[in-house]
Amino acid sequence: MNRSTAREIAIQLCFAGANGKLSADELLDSFFAEEHYASLAAEDELYSEYPDDKQMDYIRRLVKLIDENRNEFDGFIERYSHGWKVERISKTALAVLRCALCEIIYMDDIPDSAAINEAVELAKRFSEPASARFVNGMLGAISRGEQPEGKKDQPASKPEQKSDEDGEKQDS
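Along each chain, the written sequence defines residue order, and numbers are assigned to residues from 1. Side-chain atom pairs in this predicted model are given and counted only at pLDDT of 80 or more, local residue features only at pLDDT of at least 70, and totals for whole chains, interfaces and linings cover all residues. To obtain the side-chain values, all non-hydrogen atoms of the structure were included, while hydrogens and water were left out.

### Thoughts on a negative patch on the surface
Formally: Residues forming no salt bridge and having over 30% relative accessible area are the ones grouped into patches, like charges within 9 Å of each other and nonpolar side chains (Val, Leu, Ile, Met, Phe, Trp, Tyr) within 5 Å. What sets the accessible areas is the Shrake-Rupley method with a 1.4 Å probe; for residues, cover comes only from the shown protein chains. Should a side-chain nitrogen of Lys or Arg be within 4 Å of a carboxyl oxygen of Asp or Glu, the pair is scored as a salt bridge. In this charge count, Lys and Arg are treated as positive and Asp and Glu as negative; neither His nor the chain ends contribute. Where a charge lies is defined by one atom per residue type: Lys uses NZ, Arg uses CZ, Asp uses CG and Glu uses CD. Strands here are runs of E lasting at least two residues and helices are runs of H or I lasting at least four, both read from the DSSP assignment and numbered beginning at the N terminus. Note on classification: 1.4 Å probe, protein chains only; a residue is buried when its accessible area is under 20% of the maximum for its type, exposed when over 50%, partly exposed between these limits.
A grouping of Glu 49, Asp 52, Asp 53 and Asp 57 is seen on the molecular surface, where their side chains present a negatively charged patch. If you trace the backbone, Asp 57 turns up in helix α4 (residues 53–68). Asp 57 sits in the exposed class, given a relative accessible area of 53%.

In structure tokens form, the structure reads like this:
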């Protein structure tokens, strides 16, 4: 399983967990129970491979961070959406935005550009074209607007990092 597949699973878990009925740990434990995951594999190729330890750590970290920091992410979304309330944004777009914001803010090993590109591709797959444009515009604006002082003229991505096609940091 590659990082892109793990990211897609994490977004689906964030979408499922948005109702707040289960804690992040309960959601993760029930989702990755062998019997449940095997039943998903029979229905969707996305689940054909069980995540290895590295990908499971990534998924768990991402889902927990999103759960813990949802209000922070929603604050960014409201601040940069120019008149849109979070409640008006589709649940799918919110899950994608929260995931990408989490990677941009809390996961230094993932370049901003990789998080944004992956989010746009996932928004294209799960939503209307307008939603993908919205996700791209929002994440670009947030990434540019939240750069530390003195770095406003720098690209939003972290140029000192090289990444493979899945956005994973590679040694130079």
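Having seen the structure, we can now continue with the description.
### Observations regarding empty space enclosed by the protein
Unoccupied space between atoms shows up once a probe the size of one water molecule is rolled over them. Note the cut-off: Definitions used for this entry: grid spacing 1 Å over protein atoms alone; cavity, a set of points where a 1.4 Å probe fits but cannot get out; pocket, an open set with protein on both sides within 12 Å along at least 5 of 7 lines; lining residue, one with an atom within 4 Å of a point. Grid points are joined across faces, edges and corners, and a volume is the space filled by probe spheres set on the points. Three classes are used, and their members are as follows: Ala, Val, Leu, Ile, Met, Phe, Trp, Tyr, Cys and Pro are nonpolar, Asp, Glu, Lys and Arg are charged, and the others, Gly among them, are polar.
Applying the stated criterion to the full structure yields 1 cavity of 30 Å³ or more. The volume enclosed by the largest cavity comes to roughly 40 Å³. Forming the boundary of the largest cavity are Cys 14, Phe 15, Ala 18, Ile 66, Arg 70, Lys 91, Leu 94, Ala 95 and Arg 98. Of all elements in the fold, only α1 (3–17) and α6 (91–106) reach the threshold of two or more residues within the lining of the largest cavity. Tallying contributions element by element places α6 first for the lining of the largest cavity, with 4 residues. Here the residues of the lining of the largest cavity are counted per class, giving 6 nonpolar, no polar and 3 charged.

### Considerations on the packing of aromatic side chains
As a reminder of what qualifies: Any pair of Phe, Tyr and Trp rings, taking the six-membered ring for Trp, is counted once the centres come within 6.5 Å. Such a pair is stacked with planes under 30 degrees apart, edge-to-face with planes over 60 apart, and tilted for the rest.
Applying the stated rule across the entire model yields 8 aromatic pairs. Plain terms: the ring middles of Phe 32 and Tyr 50 are 6.0 Å apart, the flat faces sit at 85° to each other, and that makes the pair edge-to-face. Taken together, the residues span a long stretch of sequence, with Phe 32 in the loop between α2 (24–31) and α3 (34–43) and Tyr 50 in the loop between α3 and α4 at a distance of 18 residues. Here Phe 32 falls in the buried class, since its relative accessible area comes to 4%. When the ring of Tyr 37 is compared with that of Tyr 47, the centres are 5.5 Å apart and the planes differ by 85°; the resulting orientation is edge-to-face.

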